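Architecture at a glance
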Amino acid sequence: MTAILQALASGLALGAIYGLIALGFNITYATTKTFNFGQGAFLVPGSLVGVSLLLLAAGKPHWGNLAPSEMTLFTYGLATLASVAIVGAIGILLYYCAIKPFVGVGGLNWVLSTIGFGIILQNTALAIWGPASIAVPSPLGNEVYRIAGAGIRPQEVLVAVVAIAVMVGLDFVIRRTRFGKALRAVAFNPQAAAIVGINVEKIVIIAFVISSALAGLAGILIAPITTASVFIGLGVALKAFSAAIVGGLTNARGCVLGGFLLGLIEALVGLWRAEMREITIFLLIIIVLVVRPSGLLGARSVEKI
Amino acid sequence: MPGLHHALGVTGVVAALALVPLLPLNDFHLQILFTIGVNYLAAAGLNVLVGYAGQKSLGHAGLFAVGAYTAAIANVDWGINPWLSLVLACGFGAVFGLVIAMPSVRVSGPSLAMVTIGFGIVVEKIVTEWTDIFKGQAGLYGISAPSIFGRSFTNLHWVWFVGLLCIVTHLLLRSLLRGRYGRAFLAVQLAEPAAQSVGISVVRAKTLAFVISAVTCALAGAVVAQQNQYFNSDFITFNLSILFLVVVIFGGSGSLYGPLFGAVILTLLDAWLARWPALQHFTYGALLLFSLYLMPNGIAGALANLVKRSRSAQPPALSPERSLLLEQKRDRGTGPLLVVKDLYKAYGGIVPVRNVGFSISAGKVHALIGPNGAGKTTLLNLLSGHVAPNGGSIRFRDQEIAGEPPHRIAALGIARTFQNLKLFGDLSALDNVLLGAHLHVETSFLPSLLGLTASRRAERAARGQALALLTELGLGERAFEQAKSLPYGLQRRLEIARALASRPRLLLLDEPAAGLNPQETHELGEVIQRIQAAGITVLLIEHHMDLVMGISDHVLVLDYGEKIAEGAPDTIRQDPRVIAAYLGAEDETEAQIEVVA
Amino acid sequence: MSMLRIDDLKVRYGAVHALKGISLSVAAGEIVTLIGGNGAGKSTLMRTIAGLVNPASGTISFQGRSLNAIRPHDCVRLGIGHSPEGRLVFGDQSVRDNLMLGAYARNDTDGVEADIARYFAIFPRLAERQDQLAGTLSGGEQQMLAIARALMSRPKLLLLDEPSLGLAPLIVREVFAVIRRLREEGMTILLVEQMANLALGVADRAYVIETGTITLEGTGAELLRDERVRSAYLGA
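The sections below set out a description of the structure shown in this document.

Reading the values: rules and limits
- Residues numbered from 1 in each chain as written.
- Chains lettered and ligands numbered in written order.
- Predicted model: local features only at pLDDT ≥ 70, side-chain atom pairs only at ≥ 80, totals over all residues.
- Heavy atoms only, no water.
- Helix = DSSP H or I, 4+ residues; strand = E, 2+ residues; numbered from the N terminus.
- Rg over C-alpha atoms; globule rule 2.2 N^0.38 Å.
- Buried < 20%, exposed > 50% of the residue type's maximum accessible area, 1.4 Å probe, protein only.
- Contact = heavy atoms within 4.5 Å.
- Areas by Shrake-Rupley, 256 points an atom, 1.4 Å probe, with all protein chains shown as cover.
- Pairing = 2+ DSSP bridges.
- Axes fitted to C-alpha atoms, helices over the stretch in contact; angles between N-to-C directions.
- Buried area = accessible area lost by both parts, 1.4 Å probe.
- Salt bridge = Lys/Arg side-chain N within 4 Å of Asp/Glu carboxyl O.
- Phe/Tyr/Trp six-rings, centres within 6.5 Å; stacked < 30°, edge-to-face > 60°.
- Lys NZ or Arg CZ within 6 Å of the ring centre and 35° of its normal.
- Disulfide = S-S within 2.5 Å.
- Patch = residues over 30% accessible without salt bridge, like charges linked within 9 Å, V, L, I, M, F, W, Y side chains within 5 Å.
- Lys, Arg positive; Asp, Glu negative; His and termini not counted.
- Charge placed at Lys NZ, Arg CZ, Asp CG, Glu CD.
- Core = buried A, V, L, I, M, F, W, Y, C linked by side-chain atoms within 4.5 Å.
- Domains from an automatic or database assignment.
- Parallel < 35°, antiparallel > 145°, perpendicular 65-115°, else oblique.
- Left-handed = near helix turned anticlockwise from the far one by under 90°.
- Nonpolar A, V, L, I, M, F, W, Y, C, P; charged D, E, K, R; others polar.

Before going further, it helps to spend a moment on the overall build of chain A. Looking only at helices and strands, chain A features eleven helices and two strands. Taken from the N to the C terminus, the helices and strands of chain A come in the order α-α-α-α-β-β-α-α-α-α-α-α-α. Relative to a compact globule of 305 residues, whose C-alpha radius of gyration would be 19 Å, chain A shows 19 Å and is just as compact. C-alpha extents for chain A along the principal axes are approximately 60 × 45 × 35 Å. Evaluated residue by residue, chain A yields a buried proportion of 56% over its 305 residues. For chain A, the proportion of contacts with a sequence separation of at least 24, taken over those separated by at least 6, is 74%. Approximately 11700 Å² of chain A is accessible, and the part contributed by carbon and sulfur atoms is 70%.

Here you go:
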């Protein structure tokens, strides 16, 4: 029982991470019918830039290990803001290099170009930080909370709280604000959006900035759990992609739902047999898609003949 | 590439392979040649799936694994001869191709990417984790290579052997893709509903493409395992799936030679840059990022553009045969051909077709009219099978067809055109008509694959007939032009030609005059009358009243999903309900309220 | 002094010449209509003026400013409102939000609320359904919404593309009543319309466009009487 509670907690934290990244897929897919297939590489600077800034601030070289005392909620918060800003800015570069030439052209070229961008980004990170991983202390310390006998790591709580707050905030922005309405207008029909005076390209660029920033945020949030390294991204991003597809790539809330479902299933299956996690998850995804090709909450597209 | 050039090219490759021992090549070089061959094998089949059938797969490393592990386990654990293991590997590949096709053909776009990625990862995890059988990272040792005359393959033999496999694969795929099957794959990629309307089963075509790609990928995996004499789970990664896809797309997907260019260039580049691993990755990334921007259709596409600029394409000489289509006398006024009863279709609260019943007499021109949104196109889609009804019956030549899939209905003799043209735009006018005749090109899979004479004869006959049909409809001059480059009026006419090529008994025309100028509309009327004279029954949706009244024997009027009148054109013109529906009577708002409620 | 002036405009889609040298002008306060068959190039012309398509050659100027390389959202800021063919209302947003989006290029929030109230008065059906999703409106209501949304940008020139498309005759009459009312208020309108008799009825001047070129021009009344127009477009 306590094991299950423990798994639920880490499943929620993991799910929140998947949900964040999946939300990024949703935002750019809705506006451009493309998304960043190399998103995994965006988690890398997300975690490493933040950690290195803290190391430099502490007067150490950019690559090393942080003492727990050098990691407070305040410094972690600053590092997070820096990561989000820098990875968000990389999103602009991504748009101009890998997306803009292929938007509206159809075909799969954007898949390969974004993968290519990711490879370059990852190898740039490799040149800066090297292949070894950096242990990152949690700003809340490593002392495990005991809830009903289950040991829950404070970073997991932090991840879940921050991610859920960001997701709720984004949901509000998209549904209620002028920017959100413009974003949805572009998603509904870019030409219709243009003729009411919306600068479609600007909205699309912002969508990529948000999407990238979410990946950066995911990177720094997950670092104290997984350690920070150049190789953390791919697996997490693939699951986030799965979460988006299963929940419904066209539906923001579906993507978040997909993230949590995947995180929970992964954690619970891991209790049973750790090596069966991926197999179970991906088989389940295939089954879900056969029954509901556009995901759990995705809009069914009916081609008009 | 014309036949002579092709023969020279193949001979050249064979000669080059024969000369390999004379060149100062070391084992490293031989290994590169071998790898080129393996990458080509995997990509050649994948190209059928990605480039022809339009199904993008990101999980073919899984099928490579199927081949490699089959060859390895069959030999190491079951003691099966290496040659037989290779065959077995292809067989297992085909079976797994079917397995992955089953979920894949039901999804598209990002969901398809997900299903194939999922398949690749599941296979990767199974071979990594299920160590009892697959030995995980430790791997399977001592896989025997095939031998000839008691001698095991040397590295040189491997290059020859893989070269031979590549040439055979190329010849088979070339023969298959240049005929009926290649066209069907492209049709599925370019316009699914139209492919269905000419009798192509989309599910079967996609499945076949998956199986073909699975077999060549499995073969590639098997030869790698055998040449290496060792295989472990580290070979099988998501990156391998990406690599195969990159070879196809960078080389030029949808071109027979694309996978060759991709395999040669990427393998050489990879080998050359292997000394500087950091640079290798950057180059790989930059290649993915920029090459498709510079060459959207890959290397093959870029080369084709160069060649096109240097010489204008000469259409192959073809003698039109007499078209059988407009001469056959069929169904001349012999009772009802199609009987519809209580047909019903609802989308949520909207009911575009509400308990409609009518019958269509053989040999006549019937018109279906009604205001926009009256449900005409939905009714047509129900008849052609593109939409399944919620209730009611459609009997065509005394056979119930309601709810049957469109390709089966097409095979029974119902052809159609589309309101918003659905031509296979990238294909020539001739290929569009040949696709119309898809069910009548008399060849099947094996003869097409092997390029047997009978199959080539059938293809030639079909081309002659298609050209004759185009000529009869005034399109003969433009048979070799891309469908999408034709003027709009001719595109409309080409769609009719494509439908006629399927030799229908009933032809459904959805607003054939939309967008035509008065002169073209007049000519269309004449064409329809010729079709009727040939004994083909016509059901026509149209807004141009002059056309409808001028050529129809019988008119049906639909409004808000219901049949409100039918009869001879003159009767319809006088009918008060029809006048009300078109010109807006006082009770119209009530009618609207009814629909909303 | 014409508000919109187009000279020898050519537009290409790939290899297809959609417009082959169009010249026309619209003066302030005028209603000008373009009639012609399907595929004649009417909508292409509208889309070019709105900045959705850029011309291959020729010039477009609006109040003396060139629109040749303009982007569509800048067109709106210059004062060109566009009610497009097929209406293109934002189906997943409410009627009110659609109108708010119509004012996206404006900065005055007070004026926006006042304008919404004004158009709710002109289109009472929209007021009744202001919280409904635009996608659930009937075709006629969507057309009204598309016109109101275009007016929300306070345009100097209104482009109206096929407002009668797919509407029942009674509803078409309502739409044209609105067009007449806008004319009385002094709005300048360029109207593309299949229903030539209705269009010529409200227009001050008209152009007939066939396969990408202008073949006839004159006042609405002249063209209504013209034999060629009568046989080709009025079914007489």
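Time to look at the pairing of strand β4 (residues 57–62) of chain C. Residues and elements named next belong to chain C. Bridging between strand β1 (residues 2–13) and β4 involves five bridges; their strand directions are antiparallel. Across the sheet, the residue bridging to Asp7 is Thr59, located in β4. Pairing of β4 with strand β5 (residues 65–66) involves two bridges; the strand directions are antiparallel. Note that in β5 the partner of Phe62 across the bridge is Arg65. Hairpin remark: β4 followed by β5, antiparallel, with two residues in the connecting loop; positive phi at Gln63, about 50°.

Time to look at the sheet that holds strand β12 (residues 537–541) of chain B. All names here are of chain B. Read from one edge of the open sheet, six strands run β10-β11-β12-β7-β13-β14, paired in mixed fashion. Each having just a single partner strand, β10 (414–416) and β14 (562–567) make up the two edges of the open sheet. Strand-to-strand twist of the sheet, defined as the mean angle between neighbouring strand axes without regard to direction, takes the value 20°. Helix α20 (residues 488–501) rests against β10 and β11 (506–510) of the sheet, and its axis sits at about 160° to β11. On top of the sheet, helix α21 (residues 518–533) reaches β7 (365–369), β11 and β12; it is set at about 150° to β12, its chief contact.

A word on the interface of chain B and chain A. Each side of the interface is counted separately: chain B has 40 residues, and chain A has 37 residues. Approximately 3500 Å² of surface area, both sides summed, lies buried where chain B meets chain A, with 82% of it carried by carbon and sulfur atoms. Sorting the residues of chain B by area buried against chain A places Met114, Phe282 and Leu289 of chain B first, and these three jointly supply 18% of that buried surface. Viewed at the interface, chain A and chain B are joined by zero salt bridges.

What follows deals with the packing of aromatic side chains. Taken as a whole and judged by the stated rule, the model has 26 aromatic pairs over all chains. Plain terms: the ring middles of Phe153 of chain B and Phe161 of chain B are 5.4 Å apart, the flat faces sit at 70° to each other, and that makes the pair edge-to-face. Phe153 of chain B sits in the buried class, given a relative accessible area of 11%. A centroid spacing of 4.3 Å and a plane angle of 15° characterise the contact between Phe231 of chain B and Phe235 of chain B, whose relative ring orientation is stacked. Through pairs of rings, three or more aromatic residues link up here, namely Phe64, Tyr69, Trp130, Phe134, Phe231, Phe235 and Phe244 of chain B. Residue placement shows Lys33 of chain A over the ring face of Tyr29 of chain A; its charged tip is 5.2 Å from the ring centre. Here Arg149 of chain C stacks its cationic end above the ring of Phe90 of chain C, 4.8 Å away from the centre of that ring.

Moving on to the state of the cysteines. In protein chemistry, a disulfide is the covalent bond that joins the sulfur atoms of two cysteines. Going through the model one piece at a time under the given rule, you end up with zero disulfides over all chains. Left unpaired, Cys217 of chain B is separated from the closest cysteine sulfur, that of Cys90 of chain B, by 11 Å.

Once that is clear, we can look at the sheet that holds strand β3 (residues 31–35) of chain C. Residues and elements named next belong to chain C. Pairing is mixed across the open sheet formed by six strands, whose spatial order is β6-β7-β8-β3-β9-β10. On the outer flanks of this sheet lie β6 (80–83) and β10 (213–219), each paired with one strand and no other. With strand direction ignored, the average angle separating the axes of adjacent strands in the sheet is 15°. In the packing of helix α6 (residues 139–151) onto the sheet, the strands contacted are β6 and β7 (157–161), and the crossing angle to β6 comes to about 170°.

As a further point, take a nonpolar patch on the surface. Residue and element names in this part refer to chain A. A contiguous nonpolar patch, built from Leu73, Leu140, Tyr145, Ile147, Val157 and Val161 and spanning about 500 Å² of accessible area, is present on the exposed surface. Those elements giving two or more residues to the nonpolar patch turn out to be β1 (145–147) and α5 (154–176). With respect to the helices and strands, the residue Leu73 is situated in helix α3 (residues 73–99).

This brings us to unusual backbone geometry. Residue and element names in this part refer to chain C. A positive phi angle, close to 50°, is found at Asp8, a residue other than glycine. Of note, Glu162 is a non-glycine position whose phi angle comes to about 50°, a positive value. With respect to the helices and strands, the residue Glu162 is situated in the loop between β7 and α7 (169–184). Judged by relative accessible area, Glu162 falls into the buried class, the value being 3%.

This brings us to helix α3 (residues 95–102) of chain C. Burial analysis of α3 of chain C places six of its eight residues in the buried class, the great majority of the element. Within α3 of chain C, the full set of buried residues consists of Val95, Asp97, Asn98, Leu99, Leu101 and Gly102 of chain C. Structurally, α3 of chain C contributes buried residues whose contacts are with α6 (178–188) of chain A together with α4 (109–122), α5 (124–128) and α6 of chain C.

Turning our eyes to something else, we now look at the environment of Ile99 of chain A. Residue and element names in this part refer to chain A. Structurally, Ile99 can be placed in helix α3. Along the chain, Ile99 and Val166 lie 67 residues apart, while their C-alpha atoms are 25 Å from each other. If near-sequence neighbours (up to four positions away) are discounted, Ile99 is found in contact with Thr34, Leu94, Thr114 and Phe208.

Let's shift gears to a positive patch on the surface. Taken together, Arg178, Arg456, Arg457 and Arg460 of chain B make up a surface patch of like positive charges. Relative to the helices and strands, Arg178 of chain B resides in the loop between α7 (155–177) and α8 (180–190).

Core analysis: the biggest nonpolar cluster contains 206 residues, and Phe37 and Ile198 of chain A have the highest contact counts within it. Looking at this core element by element, the count peaks at 15 residues for helix α8 (residues 200–226) of chain A. Residue-level mapping places this core at the junction of two domains, with at least three residues from each of domain 1 (2–304) and domain 2 (336–596) of chain B. If near-sequence neighbours (up to four positions away) are discounted, Ile198 of chain A is found in contact with Ala182, Ala185, Val186, Ala193 and Ile203 of chain A together with His73, Leu101 and Tyr104 of chain C.

It is worth spelling out the packing of helix α11 (residues 277–291) of chain A against helix α5 (residues 110–129) of chain B at this point. In a packed pair of helices, the relevant descriptors are the angle between the two axes and the axis-to-axis distance. Two elements in contact, α11 of chain A and α5 of chain B, have axes whose closest approach is 9 Å; the angle formed by their N-to-C orientations is 150°. Of the possible angle classes, the one that applies to α11 of chain A and α5 of chain B is roughly antiparallel. By crossing handedness, the relation of α11 of chain A to α5 of chain B is classed as left-handed. Between α11 of chain A and α5 of chain B, the residues in contact are Glu278, Ile279, Phe282, Leu283, Ile285, Ile286 and Leu289 of chain A and Ser111, Met114, Val115, Gly118, Phe119, Ile121, Val122, Lys125 and Ile126 of chain B, respectively. Tallied by class, the residues present in the contact of α11 of chain A with α5 of chain B amount to twelve nonpolar, two polar and two charged.

What follows covers the side chain of Thr44 of chain C. Examined against the element boundaries, Thr44 of chain C turns out to sit in helix α1 (residues 42–49). With near-sequence residues (within four places) excluded, Thr44 of chain C lies in contact with Val11, Tyr13, Ala18 and Leu19 of chain C.

All names here are of chain B. For the pair α20 and α21, the least separation of the axes is 11 Å and the interaxial angle reads 10°. As summarised for this structure, α20 and α21 are arranged roughly parallel, according to the angle between their axes. On the side of α20, the interface is formed by Gly489, Arg493, Ile496 and Leu500, while α21 contributes Glu520, Glu523, Leu524, Val527 and Ile531. Each residue belonging to the contact of α20 with α21 can be placed in one class, and the counts come to five nonpolar, one polar and three charged.

All names here are of chain A. Along the chain, Ala187 falls in helix α6. Sequence spacing of Ala187 and Lys239 is 52 residues, and the spatial spacing of their C-alpha atoms is 24 Å. Contact partners of Ala187, with chain neighbours within four places excluded, come to Ala30 and Thr31.

For the coordinates displayed, the defined rule picks out 35 salt bridges over all chains. As a salt-bridge pair, Glu495 of chain B and Arg498 of chain B come within 3.5 Å of each other at their nearest N and O atoms. With Glu495 of chain B and Arg498 of chain B both in helix α20 and three residues apart, this pair spans about one turn of that helix. Take Glu495 of chain B and Arg498 of chain B: they sit in the same class, and that class is buried. In this structure, Arg106 of chain C and Asp115 of chain C form a salt bridge, with 2.7 Å as the shortest nitrogen-oxygen distance. Pair check on accessibility: Arg106 of chain C and Asp115 of chain C agree, each one buried.

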